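Chain by chain, the residues run as shown.
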Amino acid sequence: MKKCVIIGSGLGGLSCGVILAKNGYEVTVLEQGAQIGGCLQCFRRGDAVFDTGMHYIGSADDRQTLHTVLHYLGVDKDIKLSRLNPMGYDVISFQGERYAFANGRDNFITTLAKQVPNSCDELERYYDLINLVASSSAMHSLNRNVDVNINAEYQMRSVNEVIDSVVENPLLRQVLAGIQILYAGEKDRTPFSSHALISDFYNQSAFRIVGGSSTIADSLAKTIYNLGGKVLTHSKVSKIECDSTRATAVITDSGECYAADLIVSAIHPTRTVDLIDSHLLRPAYRNRLKNVRNTTGAFTVYLKFKPNSVKYMDSNLYVYRGDSTWGCETYTMDEWPKSLLYMHFCHEENPVYAQTGEILTYMSFEETRKWVGKPIGRRGDDYEQFKQMKAERVIDALEKEVPGLRNNIEAYYTSTPLTYLDYTGIPDGAMYGVAKEVNALGVGSVSCKTRIPNLLLTGQSITAHGMLGVLASSLVTCSEILTTDEMFSQVKDAEE
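Residues numbered from 1 in each chain as written. Predicted model: local features only at pLDDT ≥ 70, side-chain atom pairs only at ≥ 80, totals over all residues. Heavy atoms only, no water.

(A) Structural view of empty space enclosed by the protein. Inspection of the entire model under this criterion finds five cavities of 30 Å³ or more. When its volume is computed, the second largest cavity comes out at roughly 80 Å³. Lining the second largest cavity, in full, are Asp51, His55, Arg208, Ile209, Met343, His344, Phe345, Cys346, Gly357 and Glu358. Looking at the lining of the second largest cavity, the elements that each hand over two or more residues are strand 9 (206-209), strand 17 (339-344) and strand 18 (356-363). Its residues placed into classes, the lining of the second largest cavity shows four nonpolar, three polar and three charged. (1 Å grid on protein atoms, 1.4 Å probe; cavity = no way out; pocket = protein on both sides within 12 Å on 5 of 7 lines; lining within 4 Å. Points joined across faces, edges and corners; volume = space filled by probe spheres on them. Helix = DSSP H or I, 4+ residues; strand = E, 2+ residues; numbered from the N terminus. Nonpolar A, V, L, I, M, F, W, Y, C, P; charged D, E, K, R; others polar.)

This is how it looks when you write it as structure tokens:
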């Protein structure tokens with residue numbers, strides 16, 4: 001058996017591990033931390049459980065794309081899903097009104113058309129364009145025969161430019177852009193293709209994972225074990241060794257050496273090249289990866305509610321506090337937070353009351369830079385006071401949207417971009433790794449292939465953000481080993 005070493009146990013690393021183990025590789029996944037899963041991780045404070053990243057998923061109904069891929073990976077049998085409100089899985093609060101996004105073409109159009117009069121034709125054009133662009137991505141549609149020119153065109157045009165070209169109503173333009181925190185969208189910079197892929201993902205169907213997204217990581221790890229592989233924690237990689245033509249082994253901080261015929265790095269591309277001291281990586285390639293721009297960071301408040309005090313919310317609430325849904329990643333201290341995303345955790349099937357919830361907003365890494373290098377949990381009183389002050393402002397902002405919430409909070413916890421840096425290793429604690437740019441063929445594009453023939457990259461920095469984006473990157477990466485035709489064939493055969 002050929003030996004494959006995978007660096008990082010997030011969704012990208014674990015799913016690649018399953019695919020390659022299914023195809024005869026002896027897989028070893030190395031995780032630097034104590035817990036596997038990356039952004040699939042959940043954490044516990046007493047009897048309260050919180051998700052860290054994968055808060056809700058889409059396209060998980062039978063025969064939809066995510067359902068098909070999860071079935072191929074063997075995950076569907078190990079997780080339970082709780083459907084979000086089909087008539088308003090996402091709700092955008094903007095300028096004193098709320099706008100619901102419903103599942104399915106007809107419901108999506110008719111629901112928003114009631115809220116924004118005389119917008120039916122514009123919504124039809126918008127929805128059909130979303131569908132067209134998403135369908136042009138082979139890995140997102142699981143269709144080998146797509147028009148790649150469509151996807152390429154909309155990688156070169158920004159979200160706001162395209163929305164403005166099909167929607168005349170200024171209010172509707174703002175509302176349709178209101179989910180941009182899901183991909184850290186930036187005006188004039190983020191490709192419309194990013195918006196289209198994520199919109200289509202949730203437009204089809206939307207769910208929360210009962211018990212949290214760590215159940216997906218546990219399922220993938222179990223499959224790797226059952227196929228003869230290993231998933232090792234406390235195994236931080238310090239070096240990728242190479243000979244004159246290829247990578248040969250992975251070395252950990254503890255001195256363990258794992259010989260490899262194939263290495264897949266599921267960590268940030270910049271961190272990957274830092275592990276390699278070899279002439280095989282040219283300076284120009286190193287510099288290009290080191291100069292990629294990353295998305296902004298996030299500040300999250302994790303809420304533990306008093307028992308039976310907060311009714312479970314089967315939708316996600318996006319709150320915008322200014323006159324635009326754009327530009328919330330840049331702010332003054334007086335303006336912050338300019339936007340909020342409020343969600344509940346699904347601790348059991350069909351809950352009546354929520355046990356925990358989360359509020360997420362943008363935060364620049366510069367606000368936390370002064371504490372870089374200080375150990376987790378020992379950054380000092382000033383860091384704790386900083387987080388408390390920020391959390392109180394976030395809760396105050398949400399209280400205006402959800403009156404009475406504060407009185408129902410038993411305790412809260414926080415994370416900053418520095419937390420993301422500590423646990424994911426992504427530079428500057430970026431929410432989604434490498435930022436997608438409208439000049440996608442330039443510095444903002446990262447291929448799964450490297451200058452080292454048996455070293456591949458995977459994860460959200462390679463294809464698109466979010467769960468389906470990461471899984472698409474795994475399919476792309478493994479296609480380099482198995483061929484694209486074989487990858488599609490295996491996924492489709494599993495569906496049958």
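(B) Looking closely at the layout of surface pockets. Volume-wise, the largest pocket comes out at about 950 Å³. Together, 34 residues line the largest pocket, and Asn151, Gln155, Ile462, Thr463 and Val476 are the ones closest to its centre. Contributions of two or more residues to the lining of the largest pocket are made by helix 5 (138-141), helix 6 (148-155), helix 9 (192-204), helix 15 (466-482) and helix 16 (484-495). Within the lining of the largest pocket, the residues separate by chemical class into 16 nonpolar, 14 polar and four charged. If you add up the space inside the second largest pocket, you get close to 700 Å³. If one sorts the elements of the lining of the second largest pocket by residue count, helix 14 (residues 417-424) sits on top with five residues. Its residues placed into classes, the lining of the second largest pocket shows ten nonpolar, eleven polar and seven charged.

(C) Expanded view of the sheet that holds strand 9. Strand order in the open sheet made by the three strands is 5-9-6, with antiparallel pairing throughout. Strand pairing shows two members of the sheet lacking a second neighbour, strand 5 (57-58) and strand 6 (81-83), which therefore form its edges. As paired strands, strand 5 and strand 9 are joined by two bridges and run antiparallel to one another. Looking at strand 9, one finds that glycine 58 is bridged to alanine 206. (Pairing = 2+ DSSP bridges.)

(D) Structural context of the nonpolar core. Among the nonpolar cores identified, the biggest contains 100 residues, and Phe192 and Met467 are the most heavily contacted of them. Per-element accounting of this core gives the leading share, eight residues, to helix 15. Leaving out residues up to four positions away in the same chain, phenylalanine 192 has contacts with Leu129, Ile130, Val133, Tyr154, Arg157, Ser158, Val159, Val162 and Ile163. Judged by nonpolar contacts, the second largest core, of 31 residues, contains Phe299, Tyr331, Leu340 and Ile395. (Core = buried A, V, L, I, M, F, W, Y, C linked by side-chain atoms within 4.5 Å. Buried < 20%, exposed > 50% of the residue type's maximum accessible area, 1.4 Å probe, protein only. Contact = heavy atoms within 4.5 Å.)

(E) View of the pairing of strand 15 (residues 297-305). Along strand 15, nine of the nine residues are buried, which leaves the element largely enclosed by surrounding structure. Where burial is concerned, the two faces of strand 15 agree: the one with Gly297, Phe299, Val301, Leu303 and Phe305 and the one with Ala298, Thr300, Tyr302 and Lys304 are both buried. Strand direction decides the pairing type here: strand 15 and strand 18, joined by eight bridges, are antiparallel. Each residue of the ladder has a partner; that of lysine 304, found in strand 18, is threonine 356. Direction of pairing for strand 15 relative to strand 19 (residues 409-415): antiparallel, over a ladder of six bridges. Residue pairing across strands places phenylalanine 305 opposite isoleucine 409, the latter belonging to strand 19.

(F) View of unusual backbone geometry. Backbone torsion omega between tryptophan 336 and proline 337 reads -5°, so that peptide bond is classified as cis. The backbone phi angle of leucine 142 is positive, close to 55°, even though this residue is not glycine. Positionally, leucine 142 belongs in the loop between helix 5 and helix 6.

(G) Quick look at the side chain of serine 137. Along the chain, serine 137 turns up in the loop between helix 4 (120-135) and helix 5. When its relative accessible area of 12% is taken as the criterion, serine 137 is described as buried. Residues within four places of serine 137 in sequence aside, it is in contact with Asn151 and Leu197.

(H) A look at the sheet that holds strand 20 (residues 455-457). In spatial order, the strands read 10-2-1-14-20; together these five strands make up an open sheet with parallel pairing. In this open sheet, the two edge strands, each paired with only one partner strand, are strand 10 (230-232) and strand 20. Within the sheet, the average angular offset between the axes of one strand and its neighbour, ignoring direction, is 20°. Sheet topology note: the strand 1 (residues 3-7)/strand 14 (residues 262-265) ladder contains four bridges and is parallel. Among the inter-strand pairings, valine 5 is bridged to a residue of strand 14, identified as isoleucine 263. (Axes fitted to C-alpha atoms, helices over the stretch in contact; angles between N-to-C directions.)

(I) Just the packing of aromatic side chains, in detail. A complete count under the given rule lists 14 aromatic pairs for this structure. On the basis of an interplanar angle of 25° and a centroid distance of 5.1 Å, the ring pair of phenylalanine 43 and phenylalanine 50 is categorised as stacked. A single burial state applies to phenylalanine 43 and to phenylalanine 50, both of which are buried. Every member of this aromatic cluster is reached through a ring pair, and the members are Phe43, Phe50, Tyr302 and Tyr413. Above the face of the tyrosine 383 ring, arginine 379 is positioned so that its terminal group lies 5.4 Å from the ring centre. Sitting over the ring of tryptophan 336, lysine 390 keeps its end group 4.3 Å from the ring centre. (Phe/Tyr/Trp six-rings, centres within 6.5 Å; stacked < 30°, edge-to-face > 60°. Lys NZ or Arg CZ within 6 Å of the ring centre and 35° of its normal.)

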